[in-house]
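Residue-level listing of the chains:
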Amino acid sequence: MRFPNPSLSEYALNTAVVVLTLAVLQYTGWLSDDPAGLDPAFLVVVAVTFPAFSYLIALVGANVWPSAE
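What counts and how
- Residues numbered from 1 in each chain as written.
- Predicted model: local features only at pLDDT ≥ 70, side-chain atom pairs only at ≥ 80, totals over all residues.
- Heavy atoms only, no water.
- Core = buried A, V, L, I, M, F, W, Y, C linked by side-chain atoms within 4.5 Å.
- Buried < 20%, exposed > 50% of the residue type's maximum accessible area, 1.4 Å probe, protein only.
- Helix = DSSP H or I, 4+ residues; strand = E, 2+ residues; numbered from the N terminus.
- Contact = heavy atoms within 4.5 Å.
- Axes fitted to C-alpha atoms, helices over the stretch in contact; angles between N-to-C directions.
- Parallel < 35°, antiparallel > 145°, perpendicular 65-115°, else oblique.
- Left-handed = near helix turned anticlockwise from the far one by under 90°.

Novice: Give me the nonpolar core: which residues, what numbers.
Specialist: Counting residues in hydrophobic clusters, the biggest one holds five residues: Val19, Leu22, Ala23, Leu43 and Val46. At the level of elements, α1 (8–28) and α2 (40–64) are the ones that each hand at least two residues to this core. With three residues, α1 is the largest single contributor of residues to this core. Sequence-distant contacts of Val46, that is, excluding residues within four places in its chain, are made with Val18, Val19, Leu22 and Pro51.

This is how it looks when you write it as structure tokens:
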């Protein structure tokens, strides 16, 4: 079994981009019926789960396609 070895700064940057994008979409009302409203609990859940699922996807990719590295 092969394990991917991405840098932690890459995960932090990707997570920040995803959370900030979702926050802007929530604030402008694109994701909810209430514009100018943020759901901090949702953003925290995304910030915690996004790196974990990203790593799992990278793990599957490293083992399914060995030449992906």
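Novice: Outline the packing of α1 against α2, listing residues and values.
Specialist: Where α1 contacts α2, the axes come no closer than 9 Å and their chain directions differ by 140°. The pairing of α1 with α2 is recorded here as oblique in orientation. Along this stretch, α1 crosses α2, giving a crossing that reads as right-handed. Each of Tyr11, Asn14, Thr15, Val18, Val19, Leu22, Ala23 and Gln26 in α1 lies in contact with α2, whose residues at this interface are Phe42, Leu43, Val46, Ala47, Phe50, Pro51, Ser54, Tyr55 and Ala58.

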